[in-house]
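# Coordinate analysis (summary)
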Amino acid sequence: MFSKVLVANRGEIAARIIRTCQRMGVATVAVYSEADRGTMHTRMADESVCIGGAAATDSYLNIDAVLAACRDTGAEAIHPGYGFLSENSELARRCKSNGIVFIGPGEEVLNQMGDKLSARRVARKSRLAGDARHRRTRQRR
């Protein structure tokens, strides 16, 4: 278990993650853009760190800023929530290389699922029920 998790998201998504961590006794770090200073998730967290300007590309999508906030606060893991960096294999890779746990799928899975054609091939190979050809085959049996 972690003693401190950085939540790399904002708003209700971040608030839900923070509440869950609190119930588990895990300290939290909220990151925020200049535009989100003082918002609910920043007040709920044990610590909060400004990671950049109002534009998402300057803050929530800035991997260097997120990793720096993690290092500076001593957080052991990053929870990306959803959206923003949650499907970014580069963040997962850089977390691993920096000894930080990425709470989410690994880099390889993110790479496979990030590309629709690759995701379909994985689904077919795994014989997931969502694959239409697999459903037709099962119906004929």
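To be clear, the structure that these remarks concern was listed above.
Keep in mind it's a predicted model, so treat the numbers as computed, not measured. Counting restarts for each chain: residues are numbered from 1 in the order of the written sequence. Restriction of local features to residues with pLDDT of at least 70 applies here, the model being predicted, together with a cutoff of 80 or more for giving and counting side-chain atom pairs; totals for whole chains, interfaces and linings are based on all residues. Remark: hydrogens and water are excluded; side-chain values derive from all non-hydrogen atoms of the structure.

### Points about the packing of aromatic side chains
Aromatic rings considered in pairs are described by the distance between their centres and by the relative angle of their planes. The aromatic pairing rule takes the rings of Phe, Tyr and Trp, using the six-membered ring of Trp, and pairs them if the centres are within 6.5 Å, calling planes under 30 degrees apart stacked, those over 60 edge-to-face and the rest tilted. For the coordinates displayed, the defined rule picks out 1 aromatic pair. Relative to Phe-84, the ring of Tyr-60 has its centre 5.0 Å away and its plane inclined at 25°; by these criteria the two rings are stacked. On the criterion of sequence distance, the pair formed by Tyr-60 in the loop between β3 (47–52) and α3 (63–73) and Phe-84 in the loop between β4 (77–79) and α4 (89–97) is long-range, its members being 24 residues apart. Here a helix means four or more residues in a row that DSSP labels H or I, a strand means two or more in a row labelled E, and each is numbered from the N terminus.

### Digging into α3
Each residue's exposure class comes from its accessible area (1.4 Å probe, protein chains only) as a fraction of the maximum for that residue type: buried when under 20%, exposed when over 50%, partly exposed otherwise. Regarding α3, the residues found buried are Ile-63, Ala-65, Val-66, Leu-67, Ala-69, Cys-70 and Thr-73. Buried-residue contacts for α3 involve β1 (4–7), β2 (27–33), β3, β4 and α4. By the N-cap criterion, in which a side-chain oxygen at the helix start approaches the backbone nitrogen of a residue two or three places on, α3 is capped by Asn-62, the distance to Asp-64 being 3.1 Å. Whether two residues are in contact is decided by their heavy atoms, any of which lying within 4.5 Å being enough. Whenever two N or O atoms come within 3.5 Å, that pair is a polar contact, provided that in protein one can donate a hydrogen and the other can accept it, and provided that, for residues adjacent in sequence, both atoms are side-chain atoms.

### Regarding the nonpolar core
Grouped together as the largest cluster of nonpolar side chains are 22 residues, with contacts concentrated most on Leu-6, Ile-51, Val-66, Leu-67, Ile-78, Leu-91 and Cys-95. The dominant element in this core, judged by the number of residues it contributes, is α3, at 6 residues. When neighbours within four sequence positions are excluded, Cys-95 is seen to be in contact with Leu-67, Ile-78, Ile-100 and Phe-102. Definition of nonpolar core: a set of buried residues of the types Ala, Val, Leu, Ile, Met, Phe, Trp, Tyr and Cys, connected through side-chain atoms within 4.5 Å. Grouped together as the second largest cluster of nonpolar side chains are 10 residues, Ile-18, Cys-21, Val-26 and Ala-30 included.

### Some thoughts on the pairing of β1
Strand residues, when the strand is regular, have side chains that alternate between the two faces of the sheet. Of the two faces of β1, both are covered, the one formed by Lys-4 and Leu-6 as well as the one formed by Val-5 and Val-7. Pairing of β1 with β2, which is carried by 4 bridges, proceeds in the parallel orientation. From the neighbouring strand, Lys-4 faces β2, where its bridge partner is Ala-27. Each parallel crossover has a hand, and the one from β1 via helix α1 (residues 11–23) to β2 is right-handed. Each pair of strands is called paired provided DSSP finds at least two bridges between the two strands. Alignment of β1 against β4, held across 3 bridges, turns out to be parallel. The residue bridging Val-7 from the neighbouring strand is His-79, located in β4. A clockwise path from the first strand over the helix to the second, with the strands pointing away from the viewer, defines a right-handed crossover.

### Some remarks on the packing of α3 against α4
Angles run from 0 to 180 degrees between N-to-C directions of axes, and those axes are lines fitted to C-alpha atoms, restricted for helices to the stretch in contact. Where α3 meets α4, the closest approach of the two axes is 11 Å, and the angle between their N-to-C directions is 35°. Our pair here, α3 against α4, has a crossing hand that is right-handed. Residues Ile-63, Asp-64 and Leu-67 of α3 touch α4, and the partners they reach there are Glu-90, Leu-91, Arg-94 and Cys-95. Under this grouping Gly is polar, as are all residues other than the nonpolar Ala, Val, Leu, Ile, Met, Phe, Trp, Tyr, Cys and Pro and the charged Asp, Glu, Lys and Arg. By residue class, the composition of the contact of α3 with α4 is 4 nonpolar, no polar and 3 charged. We call a crossing left-handed when the near helix sits turned anticlockwise from the far one by less than a right angle, and right-handed when that turn is clockwise.

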